[in-house]
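Remarks on the overall topology
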Amino acid sequence: MSSSGTHTTNTGTDGRNMTSAAPAGTPAPSDTSRHPLLRGLLWVVWHRHRNALRAGVLVTVLACAFFAYQRFEVMEFLQAKGGDPTPDDALLMEFQEKFSSQFSMDTQFLQFVPAIVGIFFGAPLIAGEQERGTIKLLTTQSTGRGKWIAASIGLPLTVAVLCTAALTAAFTWLWSPARKVALFGDWLQGGAFESTGPVLIAMTLFMTSCGIAIGMLVKRVVPAMVLTALFAAVTSVAWDERLRAQLGTLRSMVWPYNGESPDLPAGAVQMDDWVSTADGKLYGFGTCAGDDTEACRAELGIVNRVTQYFAPDQMAGMQWLGAGILLALTAAVLTLVVWRARRRPL
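The structure contained in this document is the topic of the report that follows. Once a new chain begins, its residue numbering starts again from 1 and follows that chain's sequence as written. Since the coordinates come from a predicted model, pLDDT governs what is reported: local features require at least 70, and pairs of side-chain atoms require 80 or more to be given and counted, while whole-chain, interface and lining totals use all residues. Water and hydrogen atoms play no part in the side-chain values, which are based on all heavy atoms of the structure.

1. So, the overall build of the protein chain
Numbering of helices and strands runs from the N terminus; a helix is a DSSP stretch of H or I covering at least four residues, while a strand is a stretch of E covering at least two. Within the protein chain one finds 11 helices and 6 strands. Any two residues whose heavy atoms approach within 4.5 Å are treated as being in contact. Expressed as a percentage of contacts within the protein chain between residues at least 6 apart in sequence, the contacts between residues at least 24 apart total 78%. Of the roughly 19,300 Å² of accessible surface on the protein chain, a fraction of 60% belongs to carbon and sulfur atoms. Methods summary: accessible areas were calculated by the Shrake-Rupley approach with a probe of 1.4 Å, and residue burial reflects only the protein chains presented.

2. Quick notes on the sheet that holds strand β3 (residues 251-256)
Between any two strands, pairing holds if DSSP finds at least two bridges. Read from one edge of the open sheet, 4 strands run β3-β6-β4-β5, paired in antiparallel fashion. Where the open sheet ends on each side, the last strands, each with one partner, are β3 and β5 (282-284). The mean inter-strand angle of the sheet, taken between neighbouring strand axes irrespective of direction, is 40 degrees. Relative to β5, strand β4 (residues 269-277) is paired through 3 bridges, and the arrangement is antiparallel. Considered in β5, the bridge of Trp274 is made with Gly284. Angular values range over 0 to 180 degrees, each being the angle between N-to-C directions of two axes fitted as lines to C-alpha atoms, with helices fitted over their stretch in contact.

3. Remarks on the state of the cysteines
The disulfide definition used here is simple: a pair of cysteine sulfur atoms within 2.5 Å. Overall, the coordinates contain 1 disulfide when judged by the stated rule. With its sulfur 2.0 Å from that of its partner, Cys288 forms a disulfide with Cys296. Given an S-S torsion of about -65 degrees, the disulfide between Cys288 and Cys296 has left-handed geometry. When a residue's accessible area, from a 1.4 Å probe over protein chains only, is under 20% of the maximum for its type it is buried; when over 50% it is exposed; and in between it is partly exposed. Cys288 sits in the buried class, given a relative accessible area of 10%. Classification of Cys296 as partly exposed rests on a relative accessible area of 23%. Cys64 takes part in no disulfide bond, and the closest cysteine sulfur, belonging to Cys163, lies 8.6 Å away. Overall, Cys163 belongs to the buried group, its relative accessible area being 13%.

4. Brief notes about the packing of aromatic side chains
The rule is short: rings of Phe, Tyr and Trp, with Trp giving its six-membered ring, pair when the centres are within 6.5 Å, and they are stacked under 30 degrees, edge-to-face over 60, tilted in between. Enumeration over the complete set of coordinates arrives at 4 aromatic pairs. Ring geometry for Phe67 and Phe171: centres 5.7 Å apart, planes at 70 degrees, overall edge-to-face. Of this pair, Phe67 sits in helix α2 (residues 50-80) while Phe171 sits in helix α5 (residues 144-181), placing them 104 residues apart in sequence. According to the relative accessible area criterion, Phe171 is buried, its value standing at 1%. Seen in terms of ring centroids, Phe206 and Phe231 are 6.0 Å apart; in terms of plane orientation they differ by 50 degrees. Their pairing is tilted. Of this pair, Phe206 sits in helix α7 (residues 199-218) while Phe231 sits in helix α8 (residues 221-238), and the two are 25 residues apart along the sequence. Overall, Phe206 belongs to the buried group, its relative accessible area being 8%. Exposure remark for Phe231: the relative accessible area of 29% places this residue in the partly exposed category.

5. Focus: the pattern of salt bridges
Opposite charge on two side chains makes pairing possible when the charged atoms of those side chains draw close. What counts as a salt bridge is simple: a side-chain nitrogen of Lys or Arg found within 4 Å of a carboxyl oxygen of Asp or Glu. By the definition in use, this model includes 3 salt bridges. Its salt-bridge partner being Glu194, residue Arg244 comes within 3.0 Å of it at the nearest N-O pair. Within this pair, whereas Arg244 is found in helix α9 (residues 241-245), its partner Glu194 is found in helix α6 (residues 192-195), the two being separated by 50 residues in sequence. Across this residue pair, the class does not change: Arg244 and Glu194 are buried.

6. Re the packing of α7 against α8
Axis separation between α7 and α8 bottoms out at 9 Å; the angle between their running directions is 140 degrees. By the angle class used here, α7 and α8 are oblique. Crossing of α7 over α8 shows right-handed handedness. Taken together, the residues of α8 that come into contact with α7 (itself represented by Met203, Phe206, Met207, Cys210, Gly211, Ile214, Gly215 and Val218) are Pro223, Ala224, Leu227, Thr228, Phe231, Ala232 and Thr235. When grouped by side-chain class, the residues that make up the contact of α7 with α8 number 11 nonpolar, 4 polar and no charged. Small angles under 35 degrees read as roughly parallel and large ones over 145 as roughly antiparallel, with 65 to 115 read as roughly perpendicular and the rest as oblique. Handedness of a crossing follows from how the near helix is turned relative to the far one, being left-handed for an anticlockwise turn of less than a right angle and right-handed for a clockwise one. Charged means Asp, Glu, Lys or Arg here, nonpolar means Ala, Val, Leu, Ile, Met, Phe, Trp, Tyr, Cys or Pro, and polar covers whatever is left, Gly included.

7. Overview of α8
By this rule, a helix spans an expected 1.5 Å times one less than how many residues it contains. Along its 18 residues, α8 runs 25 Å from first to last C-alpha, staying within 8% of the 26 Å computed at 1.5 Å per residue. Those residues of α8 that fall on the buried side of the exposure criterion are Val221, Ala224, Met225, Thr228, Ala232 and Thr235. Down the axis of α8, the smallest arc covering the buried residues is 95 degrees, so these residues share one side. Those residues of α8 that are exposed and angled more than 90 degrees off the buried face are Val222, Leu230, Val234 and Val237. This arc corresponds to the set of directions leading from the helix axis out to the C-beta atoms.

8. Details of the environment of Trp274
If you trace the backbone, Trp274 turns up in strand β4. Note: C-alpha distance between Trp274 and Phe285 (11 residues apart in sequence) is 4.3 Å. Aside from chain neighbours lying at most four places away, what touches Trp274 is Leu282, Tyr283, Gly284, Phe285, Arg305, Val306 and Gln308.

9. Examining the nonpolar core
Working definition of a nonpolar core: buried Ala, Val, Leu, Ile, Met, Phe, Trp, Tyr and Cys residues. They are joined through side-chain atoms within 4.5 Å. By size, the foremost hydrophobic cluster in this structure holds 70 residues, and its most contacted members are Phe103, Ile149, Leu167, Trp187, Leu188, Phe193 and Val337. For this core, the element with the highest residue contribution is α5, accounting for 14 residues. Leaving out residues up to four positions away in the same chain, Val337 has contacts with Ile126, Ile149, Ile212, Ala213 and Met216.

And the structure:
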């Protein structure tokens, strides 16, 4: 009489075959030795998206290594100039000739990271499962939709946070000694604002979440990627210098109309120029620029010139405020994704 269980045959000490039975239907033990921290749904999510996740980690490691190499070059240059040189025009010109193109490429790469992650990872994350039809199997298991969606978006977003945090930390480490010598112009629009501090992390989370939401709605990978790319372009235009300028309070430098213009603080970003009355009423810089300038100024009471600017010590506060806004938008998008995944057919 045969058993319905699984039989294993061993050789006893006396040379005879011995048979032991395992209960039918017992699953083979899973090999979690490679990923001891990933079990159950997290392991499934990692396994299904392992190529994209590994590629992201690899790019992050290579970029951080390159930033470390660039810092070595910057520090070598500064040591040759005395270690902590006093910035002047000659040093600024030499420093920019040697490093400005490298810094520009670095910041351009980092500014594209949120869009790249959103397009090539966020958009296909759920849309790929919908397009292949595997989402019906995944969402009908005993784990339920809530746990599945939490694991499906939680692990990838965690990896995105860790990778972008490493990138921005490495670039900030590179940029810190260079900042003492030259800010490379306008930090508000020159890339430093997005590439250092928390903005890169928050923007990556926002773009990835929007890509996930677009993919869930479209249910096709290629159209979702195209729409996410268009959304990223629109976001880039909206997140311009003028919008970022709303994150801080402009400071003003006032001097007599016919006096010599004072120097702005080192690294300040000049925003607007005005003329003003003694009590601070502002007029456009070109006011009274005609032939009868003196009479016009006397009539309006214009006696001062005004320059409005952002100082470097305002950058961190503006970055955290901008990151907070992006994270709030990200939370709203993810709430929509979770609600739809739990309440609506996928």
